[in-house]
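# Residue-level structural notes
Here is how the chains run, residue by residue.
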Amino acid sequence: MWDVKDSWVKKVASLSEPVTTSIMCGIGLIVSADERHEKLIDHRIFSCKELLEALRKRGPDSMGRLTLHHPLNAHANGLDDESSLVLEFMATTLQLRGREQICQPLKDQNGNVLIYNGEIFDGPAIKSDENDARVLLSLLGKCCSCLCHTESVKKDCICSTSEKGNNTHTCISEVLSSIRGPWTLVFWQAESEVLWFGRDILGRRSLLVHWPSSMDERLIFSSVSPPSNNKELPCDMFDYWEELPCAIYSINLKIHTVEKSIEGAVKHTWTDMGLVELMNWKRTHTEPTFEDLEVNLHSKGDNFQNFKADNSIGLQPVIEASQHQKVLEALRESVRRRTLNICKHDKDIMGHLEFPGAAQMDLEAPFAILFSGGLDSMILAAIADQCVPSEWTIDLLNVSFEGQAAPDRISAIAGVKELSAISSSRRWRLVEIDGDPASLSEMRGHLLSLICPSKTHMDLNIGLALWLASRGDGWITENSVRKEYKCNARVVLIGSGADEQCAGYGRHRTKFREGGWSSLEREMQLDMQRLWKRNLGRDDRCIADHGKEARFPYLDEDVMHSLLKMPLWDIADLRQPLGKGDKKILREVALMLGLKSAATLPKRAIQFGSRIAQESNRRSFGSNRAANLASAGSAVLPDI
């Protein structure tokens, strides 16, 4: 059994060690032809300055811009001899770890340029005093520049000699496939004149792309769309941008013009088989035998009854719980990776620190948790409690559009009581964030730019709830007095991915009822494969707008592998009632953490639990009944 005290000693010790510099960024790139550069740089759709201002909200600590003029192979492109490309790199930084102030874009001595937004939790070897982005630039700079690596089908490198050392035949896709954690990037490989860009296997960081068109001939990448209040624009911004699908891409700008860049874009395969498994999301054990179900139902028994209390280590199952233990251990490591060594950038404090985290030991946690009091967020809170000093106050961010009457507010208050019961020494601070839809009309244009290119009522409702939560302006109750409070934590833990992996949605139960286990598995696979487009890009943009980084413990690669290896009937058993068979594995994890009440709570999406959907339905459709008849959740916003 995992020993809390022993692990805590090791974790406290790790806070005093030098740590790598970790950053979250807003990144952007505008590629244009030289002769039209000045015209396109200040394009009427939006200018470089406007794009940089939008990115600045994501990274308030530093801002950088690098202009690269690159001569083109004029004859290969059918252009004038003097033609050249202009690549306008932009980046803003939110620094989360480390002493060294980092400012992107990064450029090495060979002319390679990198803009990077991500976290390397595992993979490439990074020393304790090194910066993630600088190490990544070094690794990418050592990669072979042979054009055989830019083809869609991997071939043996034709290079036979090298002056670069042993890494010469390593290709860029191999380096990027080794990263464990969320990332997006754009990398200019100067020697090959190839532009590389990509997004991690799940799309946990946003990256939008505009492909050149008659309305705007520029090739543009950006973490977020700039707000647009110009009604005379020649295009719809929701059609202007696309979410970049999760993959690694390259464009050989030696032979492709900017205008033809979409035709020249090559999609590369992931070289790490572990990532390929996650991308395919195919479970080995999907269809149970009669014996499997009998064992699941009777040999293990009713797991909600077969747990006994042990105050020294929480609740322990009477029966063997290796599956639950593996998932719990993977989640614990995931939360640990995402909560340690985060700097609080208070300049008055940081100037006196000997190491990141020292001044926080008896202050506040540098992270917060998006908190409904439901199963997923309760598990994250309970595990976070085991990973950080007991002296830290942990902020729990709860959003309501119906005051104290919203279901998520009621369950959050109950959840804090249950957390206090299993961890009485911890100060849990419930931050009650009250939304008023009537007062948010002036923010609508800005919120639309954040959810863009998503454009349904549900996208706007969820985006608004996340945007308010990450802003952190709310109320806390201390000594029976309710007072205003602002959460300044720069990292927000979110439970995204739990429902998709563990059959938590109502449609999962519908699919199971209609087609059995195989139908359920196909629906879960579909959910995982479209998570990047339907959820994660939008959520990242809305949360990062306040200079906060969203982190998703349930979407850690190791957590996902542990769940994918399990038989489907151990993940969920939808023959059982709501609040019991759905997300069965997580309910058993909750019981192991001592969360007896949370383990029985049914799924409730943020837009319903916070009551934003109800308010939106009344304003947009007149009533909830009319909204349901119009399928309001998936309905496209009418006035965009």
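Residues numbered from 1 in each chain as written. Predicted model: local features only at pLDDT ≥ 70, side-chain atom pairs only at ≥ 80, totals over all residues. Heavy atoms only, no water.

In the nomenclature of an unreviewed UniProt entry, the protein is known as Glutamine amidotransferase type-2 domain-containing protein of Ceratopteris richardii.

### Focus: the pattern of salt bridges
Counted according to the given criterion, the structure contains 48 salt bridges. A salt bridge links Lys584 to Glu588; the nearest nitrogen and oxygen atoms lie 3.7 Å apart. Placement of the pair is Lys584 and Glu588 together in helix 22 (residues 584–592), with a separation of four residues, close to one helical turn. Where salt bridges share partners, they join Asp122, Glu333, Arg336, Arg337, Arg338, Asp556 and Asp558 into one cluster. (Salt bridge = Lys/Arg side-chain N within 4 Å of Asp/Glu carboxyl O. Helix = DSSP H or I, 4+ residues; strand = E, 2+ residues; numbered from the N terminus.)

### Observations regarding the environment of Arg429
Mapping Arg429 onto the fold places it in strand 17 (residues 427–434). As for Arg429 and Cys487, which are separated by 58 residues in sequence, their C-alpha atoms are 9.9 Å apart. Apart from the residues within four sequence positions on either side, Arg429 is in contact with Glu364, Thr393, Ile394, Asp395, Leu396, Ile476 and Tyr485. Within the local environment of Arg429, its side chain forms a polar contact with the side chain of Tyr485, the two groups lying 2.7 Å apart. (Contact = heavy atoms within 4.5 Å. Polar contact = N/O pair within 3.5 Å; in protein donor to acceptor, adjacent residues only side chain to side chain.)

### Some thoughts on the pairing of strand 3 (residues 84–95)
Here strand 3 lies mainly inside the structure; 12 of its 12 residues are buried. Residues Ser84, Val86, Glu88, Met90, Thr92 and Leu94 point to one face of strand 3 and Leu85, Leu87, Phe89, Ala91, Thr93 and Gln95 to the other, with burial holding for every one of them. By the bridge criterion, 10 bridges tie strand 2 (residues 62–71) to strand 3 in an arrangement that is antiparallel. When the sheet's bridge partners are listed, Leu68 is paired in strand 3 with Leu87. (Buried < 20%, exposed > 50% of the residue type's maximum accessible area, 1.4 Å probe, protein only. Pairing = 2+ DSSP bridges.)

### Some details on helix 18 (residues 506–529)
Between its terminal C-alpha atoms helix 18 stretches only 18 Å, short of the 34 Å expected from 24 residues at 1.5 Å a residue. The axis of helix 18 is deflected most strongly, by about 140°, at Gly515. All buried positions along helix 18 are accounted for by His508, Phe512, Trp517, Ser519, Leu520, Glu521, Glu523, Met524, Gln525, Asp527 and Met528. (Expected span 1.5 Å × (residues − 1). Bend = angle between axes of the 7 residues up to and from the residue.)

### Focus: empty space enclosed by the protein
Take a probe with the size of a water molecule and roll it over the atoms, and the empty space left behind shows itself. Here the structure, examined in full by the defined rule, presents five cavities of 30 Å³ or more. Considered as a void within the structure, the second largest cavity measures approximately 50 Å³ in volume. Together, Ala54, Lys57, Arg58, Val224, Ser225, Pro227, His446, Leu450, Arg541 and Asp545 line the second largest cavity. Across the lining of the second largest cavity, the residue classes break down as four nonpolar, two polar and four charged. (1 Å grid on protein atoms, 1.4 Å probe; cavity = no way out; pocket = protein on both sides within 12 Å on 5 of 7 lines; lining within 4 Å. Points joined across faces, edges and corners; volume = space filled by probe spheres on them. Nonpolar A, V, L, I, M, F, W, Y, C, P; charged D, E, K, R; others polar.)

### Let's talk about unusual backbone geometry
Following Gln104, the chain continues to Pro105 via a peptide bond in cis, the omega torsion being 5°. Positive phi, normally seen in glycine, also occurs at Ser480, with a value near 65°. Tracing the backbone through its elements, the reader meets Ser480 in the loop between strand 18 (473–478) and strand 19 (481–486). Residue Ala503 is not a glycine yet carries a positive backbone phi of 60°.

### A few points about the environment of Ser47
With respect to the helices and strands, Ser47 occurs in the loop between helix 2 (37–41) and helix 3 (48–56). Between the alpha carbons of Ser47 and Ile30 there is a distance of 9.8 Å; along the sequence they are 17 residues apart.

### As for the packing of helix 11 (residues 322–339) against helix 22
The contact between helix 11 and helix 22 brings their axes to 9 Å, and the two run at 75°. When the axes of helix 11 and helix 22 are compared, the pair comes out roughly perpendicular. For the pair formed by helix 11 and helix 22, the contact residues are Gln323, His324, Gln325, Val327, Leu328 and Leu331 on the first element and Ile585, Leu586, Glu588, Val589 and Met592 on the second. Partitioned by chemical class, the residues of the contact of helix 11 with helix 22 number seven nonpolar, three polar and one charged. (Axes fitted to C-alpha atoms, helices over the stretch in contact; angles between N-to-C directions. Parallel < 35°, antiparallel > 145°, perpendicular 65-115°, else oblique.)

### Considerations on the nonpolar core
Core analysis: the biggest nonpolar cluster contains 81 residues, and Leu136 and Leu176 have the highest contact counts within it. The element that contributes the greatest number of residues to this core is helix 16 (residues 457–471), accounting for seven residues. Beyond its immediate chain neighbours, meaning those up to four positions away, Leu136 contacts Leu114, Tyr116, Val175, Leu176, Ile179 and Leu185. (Core = buried A, V, L, I, M, F, W, Y, C linked by side-chain atoms within 4.5 Å.)

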